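So you can see what is in the structure, the chains are spelled out below.
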Protein chains: 2
Amino acid sequence: MPKIKTSKEEVLSKVIPMLRTRGVQNSSMSELAKACGIQKSHFYYYFNNKEELIKEVLSTVYSYFKYNLFKIIDSASLSLPEKVEKMKLLMGKIFKASDGGCIMANTALETIHLNPSYGKEIQSFFTDFIKGLQGLLEQKYDSDEALMLAEQMVQDIEGGILLTQVYNDLKYINNAVSRMEKIILN
Amino acid sequence: MPKIKTSKEEVLSKVIPMLRTRGVQNSSMSELAKACGIQKSHFYYYFNNKEELIKEVLSTVYSYFKYNLFKIIDSASLSLPEKVEKMKLLMGKIFKASDGGCIMANTALETIHLNPSYGKEIQSFFTDFIKGLQGLLEQKYDSDEALMLAEQMVQDIEGGILLTQVYNDLKYINNAVSRMEKIILN
DNA sequence: GTCTATAGATCGATAGAC
DNA sequence: GTCTATCGATCTATAGAC
């Protein structure tokens, strides 16, 4: 029997798009395992239970987002338009609308009133998202106004992700991103 | 056992807040029945299956929203500020953030990639929501710009409902509503 | 592969209104 | 005696977990 090593990272990367489209409650451990090409029992070798799996998924997404976001924002070499362009690419990766939208928003709405244990990661994600945009805006606006605008942008984008899925039409998320770009670049 | 008549409407009204907070998948027929003070089996006297129950819930919410929305928008006797004020009240009823936010958005994100049968009602809801706001805006903007602004408002509000739940802080939805008010009233 | 709990769903029975 | 609202018991499938 050849031992093919499946890494935890590999499992997580296969599980994330599944959870993003199907949601937490609608994804059974069996389905998730099958999507990874492993036995369900092997899943419990990596994760003690489903809740732990979800937590690791959320913290994986969060870490990835946070690292790349601040790499852009804090870069000394990038111009503002270049930063905006890279932000758009990053958001495109995180918010695959055709693929279920924003896993943070989806998980928040699905679980927040039932299992608060995911709340910390979700809050951190949105806090950093807002902070990142605020940072870009502070080149042209004072701190308070930058914060308010950043919050508005995140709301616009998340609402756009919702409508994009409801109507299966990318224009809503695209419009939100255009508005963001226009305000940041003046 | 005495014969106490429970109406379908009564059942729906008790089930709606439950579904709004807990979501579709997280609300079992037993729990829903218990919340109504009836046996699970009696639920199937009113609804053939869970899917039918959810459909009736969504169409109840949609009908209520649609009727009241256009009663405000199309009123000949109300001034624009009065209309905005009444809109705010209506939205407050539909989007009880402390009670789970927007059942249409929640259900959309939870089910859209799994059970498209709820899609029609959800789309109609958002279409009317946008149309209503567009109607108010057309007193001051041309039709195209009014539509774009209305879409932006809905996205801002829905994103605000999300953040309000994530942070348990009403400021996000309140800010979105303030922005809406300001733009409509100039 | 097996455990246990629970999901959605169905059935038959019963108590009263007509 | 039938019709209507209700309940308790039960079935089958599948969930998470080991």
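Cut-offs and rules
- Residues numbered from 1 in each chain as written.
- Chains lettered and ligands numbered in written order.
- Predicted model: local features only at pLDDT ≥ 70, side-chain atom pairs only at ≥ 80, totals over all residues.
- Heavy atoms only, no water.
- Phe/Tyr/Trp six-rings, centres within 6.5 Å; stacked < 30°, edge-to-face > 60°.
- Buried < 20%, exposed > 50% of the residue type's maximum accessible area, 1.4 Å probe, protein only.
- Helix = DSSP H or I, 4+ residues; strand = E, 2+ residues; numbered from the N terminus.
- pLDDT = per-residue confidence, 0-100.
- Expected span 1.5 Å × (residues − 1).
- Contact = heavy atoms within 4.5 Å.
- Patch = residues over 30% accessible without salt bridge, like charges linked within 9 Å, V, L, I, M, F, W, Y side chains within 5 Å.
- Areas by Shrake-Rupley, 256 points an atom, 1.4 Å probe, with all protein chains shown as cover.
- Salt bridge = Lys/Arg side-chain N within 4 Å of Asp/Glu carboxyl O.
- Lys, Arg positive; Asp, Glu negative; His and termini not counted.
- Charge placed at Lys NZ, Arg CZ, Asp CG, Glu CD.

Draft legend 1. Broad picture of the packing of aromatic side chains. In the structure shown here, the tally under the stated rule is 20 aromatic pairs over all chains. When the ring of Phe125 of chain A is compared with that of Phe126 of chain A, the centres are 5.1 Å apart and the planes differ by 85°; the resulting orientation is edge-to-face. Across the pair, Phe126 of chain A and Phe125 of chain A agree in class, each one buried. Judged by centre distance (5.5 Å) and plane angle (90°), the rings of Phe65 of chain B and Phe129 of chain B are edge-to-face. Of the two residues, Phe65 of chain B is situated in helix H4 (residues 50-73) and Phe129 of chain B in helix H7 (residues 119-137); the sequence distance between them amounts to 64 residues. Members of the aromatic cluster, joined through ring pairs, are Phe65, Phe95, Phe125, Phe126 and Phe129 of chain A.

Draft legend 2. Representation of the confidence of the model for chain A within the structure. Within chain A, residue pLDDT values average 93, and 97% of them lie at 70 or more. Averaged over each element, pLDDT in chain A is lowest for helix H3 (residues 40-46) of chain A (89) and highest for helix H8 (residues 143-167) of chain A (98).

Draft legend 3. Structural detail: helix H5 (residues 80-94) of chain A. Taking 1.5 Å of rise per residue, the 15 residues of H5 of chain A would be expected to cover 21 Å, and the 21 Å separating its terminal C-alpha atoms lies within 8% of that figure. Buried positions along H5 of chain A lie against helix H1 (8-22), helix H4 (50-73), helix H7 (119-137), H8 and helix H9 (171-185) of chain A.

Draft legend 4. Structural view of a positive patch on the surface. Residue and element names in this part refer to chain A. A surface patch of like charges, here positive, comprises Lys71, Lys86, Lys93 and Lys96. Structurally, Lys96 is set in the loop between H5 and helix H6 (103-111). Residue Lys96 is classed as partly exposed on the basis of its relative accessible area, which comes to 34%.

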